[in-house]
Each structure stands twice: as structure tokens, then as C-alpha cells.
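Summary of the model geometry
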Amino acid sequence: MSSVFPTKIYGRRGLLAAATVLFSLTGFQATANAQNTAVLEEIVVTATKRAESLQDVPISIATLSGEGYDVLFAGGEDILALSGRVPGLYAESSNGRAAPRFYLRGLGNIDFDLAASQPVSIIMDDVVMENVVLKSFPLFDMEQVEVIRGPQGTLFGRNTTAGIIKFDSRRPTEETNGYATASYGTYGSSRVEGAIGGAMIPDVLTARFSALYQSRQDWINNGYTGEEEAMGNFQDMAARAQFEYTPTDDISIRLSHQFRSLDGTSSIFRANIFNTGSNSLNRNYRRDTVYYDGGDNNPQAYDSDGTTLHVDWDLGSTTLTYIGSRQNADGYSRGDIDGGVVDFSGTATVPPGISFDPAAPVFGFPTLTFPGTIMVPSVTQDSADAQQTTNEIRLASEDDGQFTWQIGAFFFDSELAITTDSFASYGFVDSADTIVVQNNSTSAVFGQGSYHMNDELTLTAGVRYTDDNKDFHVQQYGQLYVDLGIPTINEIKVSDNQISWDFSANYALNDKSSVYGRVSDGFRGQTIQGRDVAFLESPSVAKPETILSWEAGYKADLLEDRLRVNAAIFYYTVDDMQLSIIGGASNTNQVINAKEGVGSGFEVDFEYLVTDNLLIAGGFAYNKTEINDPTLSTATCGSGLCTVLDPLDENGRALLDGNPFPRAPETSYNISARYNIPAGSTGEYFVFTDWSVMGDVNMPLYEAVEFKTGTQFEGGLKIGYKNFENNWEVALFGRNITNEHNVKGFVDFSNNTGFVNDPPIVGIMGTYTFGE
């Protein structure tokens, strides 16, 4: 977990790394401490927009880097591979590789729409990626990932009520360096990644160029059309160029540009893979076969690009920073959402072993459907055209004074146009798709300061004022909407201003351990959900949600810096909690406000260098969440095939009071281990394995037997040889090595549809580095 950040850090750990062996998940560094033994290296984070030791920051933070991070993507995995690899972090998507949804401490948003707002913010190279498509940019040439738990509204603004995931790519350096890595495995899964950088004009201009190519062949059959290997493929390409110009010792100007091109398959929906009364996969489920009569085998394609300017100007006692960025994305996903066949003619041949219904009541007509009973045929295509512009300017004091501070201003502007083709599966010739447009503008001012009372106690406080404005209008109505004479929808405008704040105290028990307490307040901006316009309904609006979070933690380096343990407990309340009603008997996508949501729990992260050859790392998280609203209710499954566990109101709607937050695993564990055997003085043989375990997850707002997953796990393995003298490595790898069939999502308005995790990927990989 090496870092390129400066080591001048105020506090008890300022010189920790100066005389230690640096051990990372990529192997040993060639230094030793006074006792000539290996120790854990110091981890430097920028969660407070300053370079600080992880152990000095009074926030619950976990980091990923090195081999433990890189191996997650060896089989061509996307950003969802991070799910479960940090305690309390959960991720999923029903939009293929294009629109991930993240959850921290049980708090997230199940809304699949391309306009959905999320309480977990994604920050890439100091730029917020607001739209869900931008959040999916591929990960490559990364220095470090920081998972920062709890509200971060003071420094990072709105929509961070659950926390942020911060990605920092490797920056240009004066020294020429780089790497190339390639892997190939099952289903033709491949990943080729590389970078090169160095000085173009010594001490004046440096650059770094990096690129990624990932692909997989089609491997899923369409059992209805007879097409073999008809879907499951992807080709995902991305590149980044960075230039850093230092005209003087006091000024640094970094310009970067990145782009991405994705072409492949969206999510694979599978009809009726749960029997009524069970959440186990049934005989209709076959990993390599689906039965689609629409959706064109679920294609997906997205392009995105972005340019960022980052300027640092050292004014002596202060530093002035400006970060300006423009990000764009556009593309589409299409899918057979019902996941099966609806044959009005009744002449289709049902594959052997697959359940079917010869007289399913589709639109009141007895209809042959399979697998199982399908109530509503559904094929949908959504396209997004998103642009955002961000500007941030801040002034910060030096890092080594008794009182450190920073002040700044932030400006955000975005436009999102969503085009929906919603009625192709109903037999209507809808000559005009629905197009809705959302605009969002935000401005904020913020400040934060830390005062070192003495060598042991540091107090930090911050505040942020945000003005947030959104508007929504329908640019084009679908032809069916017009033909039915449904009244048009007036433009919707909402605005709000909020004050976010935080206060923390960090107390060093000694030079190896500390305790801290933190209270923080944040908010998620108002949400306009307009997807239902494409389905002949009206938009819904949710007012802002606010969170008050209390946290206490302990951080320590023990056993002569061979064991690191960081633990935190937390409790939070969310007022006017935003929730999404998805699907159900009403087949809607609406946002609502619950009166209150409450969450509590704890998380533990650890690294233990058991011997000079064995490193074990991992963590555990417990999240207890609950919706508190006696009157809140929602429609249940539209098919009538699910077993609802909630009490029902007089209208047959499920009462949600007391339910856990949707997609909030109560427990999560992760563990990894690396063991190496020296091979002479120039290399080593090694074994690395990593595992994640998720506890029970209730997927919808209401509770039903079929849509509550039990404990799920996945594991990976890497066995190889690393040559230190010539800087190369070769290894065999495996992902999902025990062939787990884990349910990752559901659709409930038509039948008991589900979708699952990726299959096992086994392959070979190699890496060469230079100049490092």
C-alpha cells in the first residue's frame, strides 16, 4: 500500500515510515528497520483533502491497493468487484457494467434509474462523479482506493450521507516508470493494462499515459431462439493522459483527460428462478442459458470522457488549489426484463425440465409463458446523455502548524437527458420514445480547522453551506401517451439550502494508538424521479434527507508495528429518509420519504504480519438498520407469486415500519492472506487468497421469503512467482473459485425474476514493471 504523498505529517506518526521495512500486498521493499525485521508500512490518506496518516484521521477509513486490489479485476471484473472487499461496503447493479449502486453502513439507494441520486459519492482524482453512468468508469493505474465511512458533507458536500469511495490514480513523476499486465481466462476473459510516465522536460513537465482493455466472449445461450453463446460478452476500453507542469517551485498545474468505450451485454434477467415460498434457485435456473423472446439479447453500449485541470500554488504559509472538470457520458442499455417467453400463439416449444404456464393471464388472455408464470411481458431500453461541470477552489494552511485550516467554494452544474423505449414488448408501435430532462446546479462554501491542543489531543470542526437547485421537464412524450390524451406534465422545479457540519476529537493514548469521537451532519439533495412518465404516470418528488451520525473509534499499531487494528462503532438517524418504490403490483419507480431511518453497528479492519512471509488482512462489519414510519406502505409483488412477511393494510399494501433498509447486509466479513517462499535472493513463490462473506440481505422495501438472500460468499486465489531482480511476475488466478451461484438482484412486477453473480473465471496473468 505504498504512497507517493509527502511524509511531513504533524502528529505522533510523522517519522514512522522513515526507518521501516515497507510491506505491501505486492511484496517486500528493500529496506529494514533497526531490528532488521519486516513491519507494516504507514498508509497515507487524503480523506480530509490533506495528506495524513490513516492512523491520525478521526474517521473510519479502509484502503485498498497493491496485489489485494489488483487481483480483484484479473478476470475482467468491473467496479462491482469492490463489493464486500471492505467491511460494510456493498455494491450491485441491474444495468450491467454501466450504473453501479453502492451502500455503506447499510445506507444506499435501490433505484435503478439513470437519474437516481446515491448517498455514497464516488470521487475520482478529486472530482465527484455524480451520475450513475459516470460512477462506472473503469479502474486502472490506481495508486489507492479509500472507503470513507459516514457522512462527509463538510468537505465533499451533498449526497455523501453514507460516505464516499475515493479513487486516486498514479500521478506523473520525474523518474521514468511504468508497467504492463495481462491476463487471460475462462470464456476468453481478458484484461490488458499498462502505463508509462516520466519527465518530458526535467523539473518542468512530466507526463503519464495509461490504458486498459477488458473483454469477454459470449457464453450464455438463448434457449428459446436456439442461439448458442448469444450474450454475456463485453469489450471495455479506457485510457488516461496526464501532464504536470511546474513552471516554478511554487506552482503545479496538472491536466488530465480520460475516455471510455463500452460495448457488450447488459444485465441478464432470469424468469421465475425462485419457487413461491423459497429463496433457493430452482430448476428453471441454468447459469449458461436463458429464454428470451425479446430484448435483442440485452445489448449495452456507453461512451464517456472527461477533462480535469488541477492547480496548486504554494503562497508560502498557505496553498491555493483549483480543480475544474468537465465529464460526459452517453449510451444505452436494452433488456428483456421479464426474463422469459410470453407466447400469445401458444405454439412455442417448452424446453425440457423448464416449468411453464399454458394459460397465464396476460392482459386477461390465457397465454403460454415460460419459465413459469409471467404476468407482464416487458422489454425496455434506456439511454442517457449526461454532462457535468465542477469547479472547486480552496485555500489551505500548511500541514505542520498547531492550527491547520482550509476554506473553499464549490460549484456544480449538470444536465441529464434520458430516453426510454417502454412499450415494445406490449405489441404497440410507439413511434416516439419518451425523453425527460433533468438539470441540477449547486453552489457551496465550506471551511474546516484542526487545533492541536497538545501532543495528545486534536480537535477538528467544519461547516458547509449548500444551495441546491433541480428542474425537470418532459422534452418528448411517447406516442401512446399522446394517443391516450393523458394531460401533459408541467415543469418541476425544486430548491433547497442546507448547512452541514462535523466535529471530532482525536486523542493519542501513546505513540502507537489513539481513540476518537466524531459527530457529523449531512444531507442528500431533493430527488425528482421522472421515469414513470414513460409508463403513462406522473413523476414523483422526494424532499431532502438529513443525517446525524455519531461515531467513536480506536486505532492502533501493535506488536512492534506488525499488527494494525482499526475499529469504530456508530449510530445514525436519517430524517425524511429517501426510499425508492421499485416494481411491485403497481410496476412503478417512485421516490418517497420515510419519517425516519435508524442505523447502528460497528466495523473492524486489521492487518497482521504474522511472520516475515505471511500477511493476513481482513475485517468485519455489523449493521442494524430500521425504517421508522408507522404509516408507510408499498405494493408487493405484482405476480402474486411471492410470500410477503409484512403485515398488510386495508388496501393489501405491505406496512414497512420496522423493516431493515433495502440491500443492507446485517453482517459482512472479508479476509485475505499472502504467503511467500523465497526463491534465492532474486525472487519468491507466493500464494494469495481473498474471501468475502455477506450476511442476509432483504432486497426490496417489503419483506418476502423469495427476495431475501441468505449468507453468500466468494473467494479468489492467485499462485505465482515474482522476480525482484528483473521486475516481472507470472501467476495462475481464479475468481469465484468455489463456483458460487449468488443472487444479486430481483424483479417482482411480472414474476419471480432474479439475476446472479459472474461464473468462475480461471486463468493466467503476468506483470512487468520498470523504473520503480
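Here the structure is a predicted model, which is why all the values come from computation and not from measurement.

As for the overall build of the protein
- A count of helical and extended segments in the protein gives three helices and 47 strands.
- Computed over the C-alpha atoms, the radius of gyration of the protein is 26 Å, within 12% of the 28 Å expected from 2.2 N^0.38 for a compact globule of 772 residues.
- Judged by the C-alpha coordinates and their principal axes, the protein covers about 80 × 60 × 50 Å.
- Burial status across the protein gives 61% buried among its 772 residues.
- Taking the contacts inside the protein whose residues are at least 6 apart along the sequence as the reference set, 68% of them involve residues at least 24 apart.

What to know about the sheet that holds strand 16 (residues 227-231)
- Across the sheet, which stays open at both edges, the three strands sit in the order 16-15-19 with mixed pairing between neighbours. Each having just a single partner strand, strand 16 and strand 19 (289-290) make up the two edges of the open sheet.
- Pairing of strand 15 (residues 220-222) with strand 19, which is carried by two bridges, proceeds in the parallel orientation. Across the sheet, residue Asn222 finds its bridge partner in strand 19, namely Val290.

Describing the packing of aromatic side chains
- What the rule picks out here adds up to 19 aromatic pairs.
- Between the aromatic rings of Phe602 and Phe620, the centroid separation amounts to 5.4 Å while the plane-to-plane angle is 50°, which identifies the pairing as tilted. One end of the pair, Phe602, is in strand 35 (residues 588-611); the other, Phe620, is in strand 36 (residues 614-628), with 18 residues separating them in the sequence.
- Judged by relative accessible area, Phe620 falls into the partly exposed class, the value being 21%.
- The rings of Phe602, Phe620, Tyr622 and Tyr669 are connected pair by pair, giving a single aromatic cluster.
- Note that Arg674 overlies the ring of Phe686, its terminal NZ or CZ placed 4.6 Å from the centroid.

Some words on the confidence of the model for the protein
- The share of residues in the protein with pLDDT of 70 or more is 94%, and the mean pLDDT across the chain is 93.
- Across residues 1-33, where pLDDT falls below 50, the model places 97 contacts with residues more than four positions away in sequence or in other chains.

Overview of the environment of Arg149
- Following the sequence through the fold, Arg149 ends up in strand 10 (residues 142-149).
- Exposure remark for Arg149: the relative accessible area of 0% places this residue in the buried category.
- Looking at Arg149, its side chain comes within polar contact range of the main-chain oxygen of Pro87, at 3.1 Å.

Quick word on the pattern of salt bridges
- Applying the stated criterion across every chain yields a total of 39 salt bridges.
- With a closest N to O distance of 2.9 Å, Lys708 and Glu703 form a salt bridge.
- Taking the relative accessible area as the measure of exposure, Lys708 reaches 23% and is therefore partly exposed.
- In this structure, a network of salt bridges that share partners links the residues Glu67, Arg674, Glu684, Lys718, Lys722 and Glu729.

What about the side chain of Gln438?
- Structurally, the position occupied by Gln438 is in strand 27 (residues 434-452).
- Looking at Gln438, the relative accessible area reads 10%, which means it is buried.
- Setting aside residues no more than four positions away along its own chain, Gln438 makes contact with Ala115, Ser414, Glu415, Leu416, Asp471, Phe472, Ile528 and Gly530.

Here's the deal with the nonpolar core
- Counting 85 residues, the largest nonpolar core has Leu82, Leu139, Ile165, Phe167 and Phe707 as its most contacted members.
- No other element matches the six residues that strand 34 (residues 563-583) contributes to this core.
- If you look at the next biggest cluster of nonpolar residues, it comprises 17 residues, including Leu54, Ile59, Ile148 and Ile164.

Quick notes on the side chain of Asn659
- Within the fold, Asn659 resides in the loop between strand 38 (654-655) and strand 39 (667-679).
- A relative accessible area of 3% places Asn659 in the buried class.
- In this structure the side chain of Asn659 is engaged in a polar contact, spanning 3.0 Å, whose partner is the backbone oxygen of Leu701.
- Excluding its chain neighbours within four sequence positions, the residues that come into contact with Asn659 are Thr625, Glu626, Ile627, Asp646, Leu701, Tyr702 and Glu703.

The rules we used
Residues numbered from 1 in each chain as written. Predicted model: local features only at pLDDT ≥ 70, side-chain atom pairs only at ≥ 80, totals over all residues. Heavy atoms only, no water. Helix = DSSP H or I, 4+ residues; strand = E, 2+ residues; numbered from the N terminus. Rg over C-alpha atoms; globule rule 2.2 N^0.38 Å. Buried < 20%, exposed > 50% of the residue type's maximum accessible area, 1.4 Å probe, protein only. Contact = heavy atoms within 4.5 Å. Pairing = 2+ DSSP bridges. Phe/Tyr/Trp six-rings, centres within 6.5 Å; stacked < 30°, edge-to-face > 60°. Lys NZ or Arg CZ within 6 Å of the ring centre and 35° of its normal. pLDDT = per-residue confidence, 0-100. Polar contact = N/O pair within 3.5 Å; in protein donor to acceptor, adjacent residues only side chain to side chain. Salt bridge = Lys/Arg side-chain N within 4 Å of Asp/Glu carboxyl O. Core = buried A, V, L, I, M, F, W, Y, C linked by side-chain atoms within 4.5 Å.

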